[in-house]
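Chains, contacts and geometry: an overview
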Amino acid sequence: MGKPKIVLTADRTLMSIYRGISLASFFGCAPAIDPYRHDGFWYWILKNQVTPRVLFDFICNPIEHDHGIARYAPYGLRKIEAGLLRDGFARDEVAVVHPEHIERFIGPETEVVGIYEMDPLGMGPVTMTFTYGRKMISYDEFYSAELHKRIRLAKERTGSKAKVVVGAAGTWQYNYDPAKIEEYDIYAIVEGDFGGTAPELDGTGVTGAFFRALINGEFDVANPFKKSDFKVIIKDFDVDGRKYYGRFIHYNDEPSIDEIPEIVEPSIHGMIEVMRGCGRGCKFCEVTLRPLRYYPPEKVKQEIEVNIKKGGLRNAWIHSDDIFVYGLNPRKNKNMEPNTEALIELFEAVMSTGVVHTNPTHGTLAGAIADERLIPKLSEVIRAGPENHIGIQCGFETGSIRLIEKYADRKLAPFKPSEWHWVVKHAVKVLNEHYWVPAFTLIMGLDNNEQEEDSWETVMLIHELEHEQPESKFTVTPLTFVPIGLLSKSKFYDIGNSMTPAKVAVMYKCWQHNFKYGIMKFMHKVGQNDPIRRYFFTGLARALGGIPLTAMEKYARRKGPEFERAIEKVKAEYW
Ligand code: SF4
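Being a predicted model, the structure only gives us computed values, none of them experimental.

Below, the discussion takes up the overall build of the protein chain. The helix and strand inventory of the protein chain stands at 18 helices and 19 strands. The C-alpha atoms of the protein chain give 23 Å as radius of gyration, which agrees with the globular expectation for 575 residues (25 Å, within 12%). With respect to the three principal axes, the spread of C-alpha positions in the protein chain is 65 × 60 × 50 Å. Across the 575 residues of the protein chain, 48% fall into the buried class. Considering only contacts in the protein chain between residues 6 or more positions apart, those separated by 24 or more positions represent 78%.

Printed below as a string of structure tokens:
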């Protein structure tokens with residue numbers, strides 16, 4: 001049997017349902033290998049492994065497949081698949097495949113291998129935090145490298161000349177480690193207008209045109225004088241006196257909602273999107289640079305029905321950048337007050353498909369409380385309750401009023417930056433009362449402009465929340481600053497070399513909260529419905545959850561008395 005012309009795939013960390021624990025999909029950011037560990041107790045037990053591979057592989061269970069064809073795939077890959085089928089490619093010419101069976105699909109007939117990449121080199125903010133600025137190798141990087149190696153070997157073995165093309169939100173990382181372009185034998189890196197957030201290649205006719213141009217060799221040379229929808233830039237990089245080259249392809253248009261195809265095969269986690277873009281304008285965010293568009297409820301329903309009928313899924317994970325912006329026009333509505341009616345209509349449509357659980361991926365705290373009717377009403381529609389908690393990722397960003405005002409003032413609209421602490425506390429109260437659990441992310445070293453007092457304001461805000469609302473349910477994950485969005489000209493926050501005592505205090509406080517409150521107090525009450533699995537994973541987290549705290553204490557001892565004092569201060573004043 002011949003091989004498909006176009007093979008689409010993603011590495012193992014993106015092709016797993018993580019045993020049904022949606023937040024565990026961050027586990028790929030965990031450190032896998034410490035190349036600098038050569039002796040000691042842990043070397044004796046684990047050699048260079050940091051998070052034991054057997055544990056990672058257990059939690060990151062591979063996706064189901066039919067003879068190598070993935071039964072579920074990342075939503076973005078499903079969109080490209082749908083675009084190709086719409087634009088004239090036959091079903092047997094396009095295959096979305098399981099990464100561990102990629103060799104079965106690569107042969108002389110294969111023209112393109114397209115890889116969906118979110119964090120290929122482990123430079124995403126969560127990963128940079130966990131690996132101390134890439135001093136260790138994360139599972140994201142480890143499995144991405146493994147996939148590229150398998151593809152290279154399969155091509156060599158079969159004499160395939162397939163072009164390897166990478167796309168999606170992590171492709172910007174190749175700019176910072178161009179040697180990997182050569183090592184992975186990447187033909188092209190597809191970037192969106194804004195540096196890789198979303199090459200929106202799924203507009204009518206665009207997907208087919210892009211892949212046909214690839215196959216016909218039209219991107220082989222960069223020709224600035226040729227009129228084309230796709231711009232090819234050959235970048236050269238000088239790294240330690242050695243030259244590397246990369247072919248970057250830009251597509252500078254965004255399809256309207258009508259031009260975006262519906263998925264035709266099931267997505268991982270039952271994910272579907274309801275909007276693209278966000279009008280809040282946070283300077284550290286790529287998403288805000290994209291035009292804001294919303295899916296009408298009917299289109300949303302069609303995609304959920306694909307997941308139900310073809311994937312047997314009973315949940316819908318709603319990809320949104322700020323769900324509470326859905327249905328509003330930020331140009332006309334400067335206050336960003338939510339369009340409550342549009343949101344209710346959207347979630348009524350979602351629930352009418354028969355799903356038993358739904359949750360939006362992201363939302364702002366200000367948006368959640370700007371209309372006091374919103375969360376109570378939405379909770380009723382989606383049947384939130386003690387047995388059905390709704391997880392939502394929210395940007396806490398910083399406790400510093402100074403920083404939030406400078407970098408994300410509209411994130412707070414309709415409230416003022418001076419009200420930020422109140423917004424955080426009140427939103428946690430309202431969300432928790434209606435069985436929503438915010439998973440906060442905050443940014444360490446924001447624009448390399450975070451001063452000591454800013455960090456301590458963050459520690460203090462978390463502490464106040466705990467003490468004013470001792471039964472509250474939320475988690476906090478510190479991320480290091482990555483220069484994207486309007487701050488793309490800034491520098492990475494170098495956690496490996498620029499840690500300060502106050503920032504160690506932020507990390508320590510966050511993990512102490514997650515352990516003491518998240519793991520010990522409420523993990524067993526929320527999450528999946530299967531009680532056996534819930535208790536199993538809570539037990540596992542309780543057994544391992546203290547390790548990062550001990551590691552940070554050890555790190556502080558190594559760094560010196562100032563760092564130790566910062567940890568002691570958290571223990572004495574903010575515990
Ligand atoms: S609210 Fe969230 S998605 Fe919107 S611009 Fe700010 S960080 Fe980005």
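On to the sheet that holds strand 1 (residues 6-10), then. Pairing is mixed across the open sheet formed by seven strands, whose spatial order is 5-1-6-8-9-11-10. Strands at the two margins of the open sheet, each flanked by one partner only, are strand 5 (94-96) and strand 10 (230-239). For this sheet, the mean inter-axis angle between neighbouring strands, taken without regard to orientation, is 25 degrees. Note that strand 1 and strand 6 (residues 112-116) share five bridges and pair parallel. The residue bridging A10 from the neighbouring strand is Y116, located in strand 6.

This next bit is on the nonpolar core. A general trend in soluble globular proteins is that nonpolar side chains are found buried together. Ranked by size, the top nonpolar core spans 158 residues in total, and within it Y326, V424, V504 and A505 carry the most contacts. Looking at which element gives the most residues to this core, the answer is helix 15 (residues 501-522), with eight residues. Other than its neighbours up to four places away in sequence, A505 contacts S455, W456, V459, A566, I567, K569 and V570.

Another point: the sheet that holds strand 16 (residues 357-360). Read across the sheet, three strands follow the order 12-15-16 without closing on themselves; strand pairing throughout is parallel. In this open sheet, the two strands that pair with only one neighbour each are strand 12 (271-273) and strand 16. Mean inter-strand twist for the sheet, computed between neighbouring axes without regard to direction, equals 25 degrees. Note that strand 15 (residues 315-319) and strand 16 share four bridges and pair parallel. Within the sheet, the bridge partner assigned to N315 lies in strand 16 and is H357.

Along the chain, I532 falls in helix 16 (residues 531-544). Accessibility expressed as a C-beta count within 10 Å gives 8 for I532, which makes it exposed. Sequence separation of I532 and E397 is 135 residues, and the distance between their C-alpha atoms is 34 Å.

Next up on the list: the site of the ligand. With respect to spatial proximity, the complete set of residues near the ligand consists of C278, R280, G281, C282, C285, V287, T288, D321, D322, T364, G395 and K411. Here the shell around the ligand is composed, by residue class, of four nonpolar, four polar and four charged.

Turning our attention to the domain arrangement of the protein chain. Domain parsing of the protein chain yields domain 1 (6-251) and domain 2 (266-498). With 22 residues of domain 1 in contact, the opposing surface of domain 2 contributes 26 residues. Those elements that provide at least two residues to the side of domain 1 that touches domain 2 are helix 3 (75-86) and helix 4 (125-130). If one sorts the elements of the side of domain 1 that touches domain 2 by residue count, helix 4 sits on top with four residues. Taken together, the residues that form the side of domain 1 that touches domain 2 break down as 14 nonpolar, five polar and three charged.

Those residues carrying the UniProt feature "domain: Elp3/MiaA/NifB-like radical SAM core" (unreviewed entry) are residues 268-495 in this numbering. This span, residues 268-495, is 35% helix and 17% strand, and a straight line between its end C-alpha atoms measures 32 Å.

Right, let's get into unusual backbone geometry. Of note, the amide linkage connecting A413 to P414 takes the cis form, showing an omega dihedral of 10 degrees. As for its position among the elements, P414 is in the loop between helix 12 (401-408) and helix 13 (420-433). Positive phi values are uncommon outside glycine, yet H67 reaches one of about 50 degrees. Position of H67 among the secondary structure elements: in the loop between strand 3 (65-66) and strand 4 (69-70). Residue classification places H67 among the exposed positions, given that 8 C-beta atoms sit within 10 Å.

Interaxial distance between helix 15 and helix 18 (residues 561-573) falls to 9 Å at its minimum, and their mutual angle equals 40 degrees. Considering the relative orientation of helix 15 and helix 18, their crossing is right-handed. Taking contact as the criterion, the partners of P501, A502, V504, A505, Y508, K509 and Q512 in helix 15 are, on helix 18, E562, F563, R565, A566, I567, K569 and V570.

Structurally, I323 can be placed in the loop between strand 15 and helix 9 (340-352). Taking C-alpha positions, I323 is 6.3 Å from H362, a pair spaced 39 residues apart along the chain. Excluding residues that lie within four positions of it along the chain, I323 makes contacts with I318, P360, H362 and G363.

Conventions and cut-offs
Residues numbered from 1 in each chain as written. Predicted model: local features only at pLDDT ≥ 70, side-chain atom pairs only at ≥ 80, totals over all residues. Helix = DSSP H or I, 4+ residues; strand = E, 2+ residues; numbered from the N terminus. Rg over C-alpha atoms; globule rule 2.2 N^0.38 Å. Buried ≥ 20, exposed ≤ 12 C-beta atoms within 10 Å, placed from the backbone. Contact = placed C-beta atoms within 7 Å. Pairing = 2+ DSSP bridges. Axes fitted to C-alpha atoms, helices over the stretch in contact; angles between N-to-C directions. Core = buried A, V, L, I, M, F, W, Y, C linked by C-beta atoms within 7 Å. Near = placed C-beta within 6 Å. Nonpolar A, V, L, I, M, F, W, Y, C, P; charged D, E, K, R; others polar. Domains from an automatic or database assignment. UniProt positions renumbered as here; feature names shortened; annotations may be inferred. Left-handed = near helix turned anticlockwise from the far one by under 90°.

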